[in-house]
Amino acid sequence: MYEPIRTKSVHAMADPGDFPHRSREEELDIQLAGHLAALLAVTDELRALAPDAGLDAAAEQLSAQVARLRGGLPPVRASVATAIHEPHLSALHQRAHALAGRALVVAASRADTGAAILAARRMEAHAAATPWAAAA
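We now turn to the structure provided with this report.

### Some details on the environment of leucine 92
Tracing the sequence through the fold places leucine 92 in helix 3 (residues 86–109). On the accessibility criterion, leucine 92 (0% relative accessible area) is buried. It is 6.6 Å that separates the C-alpha atoms of leucine 92 and valine 42, two residues lying 50 residues apart in sequence. Beyond its immediate sequence surroundings of up to four residues, leucine 92 is in contact with Val42, Glu45, Leu46 and Leu49.

### Describing the nonpolar core
Leu32, Leu36, Leu39, Val42, Leu46 and Leu62 are the most contacted members of the largest nonpolar core, which has 26 residues in total. Top contributing element to this core by residue count: helix 1 (residues 24–49), with nine residues. Ignoring anything within four residues of it in the chain, the contact list for leucine 39 reads Leu62, Ala96, Leu99, Ala100, Arg122 and His126.

### Some details on the packing of helix 1 against helix 4 (residues 113–128)
For any two helices packed against each other, one specifies the crossing angle of their axes together with the interaxial distance. Viewed as axis vectors pointing N to C, helix 1 and helix 4 meet at an angle of 35 degrees, and their least axial separation amounts to 12 Å. Two packed elements cross with a definite hand, and for helix 1 against helix 4 that hand is left-handed. From helix 1, Leu32, Leu36, Leu39, Thr43 and Leu46 reach across to helix 4, where they touch Ala115, Arg122 and His126. The residue makeup of the contact of helix 1 with helix 4, split by class, is five nonpolar, two polar and one charged.

### Some remarks on the pattern of salt bridges
All told, the structure shown has eight salt bridges when counted by the stated rule. A salt bridge links glutamate 27 to arginine 22; the shortest N-O distance between them is 3.4 Å. Looking at glutamate 27, the relative accessible area reads 35%, which means it is partly exposed. The class of arginine 22 is exposed, set by a relative accessible area of 52%. Linking aspartate 112 and arginine 110 is a salt bridge whose minimum nitrogen-to-oxygen distance equals 2.5 Å. Taken together, the salt bridges that share partners define one network made up of Asp44, Arg47, Asp56, Glu60 and Arg77.

### Some words on helix 4
The end-to-end C-alpha distance of helix 4, which contains 16 residues, comes to 23 Å, matching closely the 22 Å that a straight helix rising 1.5 Å per residue would cover. All buried positions along helix 4 are accounted for by Ala115, Ala116, Leu118, Ala119, Arg122, His126 and Ala127. Across the axial projection of helix 4, the buried residues extend over an arc of 165 degrees, all falling on one side. In helix 4, the exposed residues that point more than 90 degrees away from the buried face are Thr113, Arg121, Glu124 and Ala128.

### Digging into helix 2 (residues 53–69)
The terminal C-alpha atoms of helix 2, which comprises 17 residues, lie 25 Å apart, in line with the 24 Å expected from a rise of 1.5 Å per residue. In this structure, the buried residues of helix 2 make contact with helix 1 and helix 4.

### Concerning the side chain of aspartate 112
One can find aspartate 112 in the loop between helix 3 and helix 4. Reaching out from aspartate 112, the side chain makes a polar contact with the side chain of arginine 110 at a distance of 2.5 Å. Among residues more than four places away in sequence, those in contact with aspartate 112 are Leu32, Gln65, Arg68, Leu69 and Ala107.

Conventions adopted
- Residues numbered from 1 in each chain as written.
- Predicted model: local features only at pLDDT ≥ 70, side-chain atom pairs only at ≥ 80, totals over all residues.
- Heavy atoms only, no water.
- Helix = DSSP H or I, 4+ residues; strand = E, 2+ residues; numbered from the N terminus.
- Buried < 20%, exposed > 50% of the residue type's maximum accessible area, 1.4 Å probe, protein only.
- Contact = heavy atoms within 4.5 Å.
- Core = buried A, V, L, I, M, F, W, Y, C linked by side-chain atoms within 4.5 Å.
- Axes fitted to C-alpha atoms, helices over the stretch in contact; angles between N-to-C directions.
- Left-handed = near helix turned anticlockwise from the far one by under 90°.
- Nonpolar A, V, L, I, M, F, W, Y, C, P; charged D, E, K, R; others polar.
- Salt bridge = Lys/Arg side-chain N within 4 Å of Asp/Glu carboxyl O.
- Expected span 1.5 Å × (residues − 1).
- Arc of directions from axis to C-beta.
- Polar contact = N/O pair within 3.5 Å; in protein donor to acceptor, adjacent residues only side chain to side chain.

Geometric descriptors of this kind do not, in isolation, establish any biological role.
Here it is as C-alpha cells:
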C-alpha cells in the first residue's frame, strides 16, 4: 500500500556536528562588542562635531573594551566630517544614550563590571548633554 521511506527526511534536524555552536557567553560578548562599537562610532561623530576631552577619553575607553571583547582586534574607526548644527548634536547624544543603555543591559547580563560601569558613565554623560534629559 505505502512504500517505506528509504531516504533521510528533509525535515530532520541537522546533526549537531554539522555547524559550529557558540556558548551564551560568546553570544553576549558579540552583542556587547557590537553595542560598544556602535557607541564608539557615535562618540567619534560627536568628537568631530564638538571636540571635547571627555569624549576623547570615552572613545579610547570604548575602543579598549571593544578590542578586549574581540580578542585584541581593535575596532575599525572612520573619520567623520559633517556640518555642525544643534539638532544634529542633540540627536547624536540621544542615540548614544540609547546605545549605552543597550550595552549596559548586555554587560549586566554577562556580569562584565568594567563594561557596565563604562556604559553607565556614558549614559550619564549623554543624558547631561541633552535638553530632553534636563526637562525630565
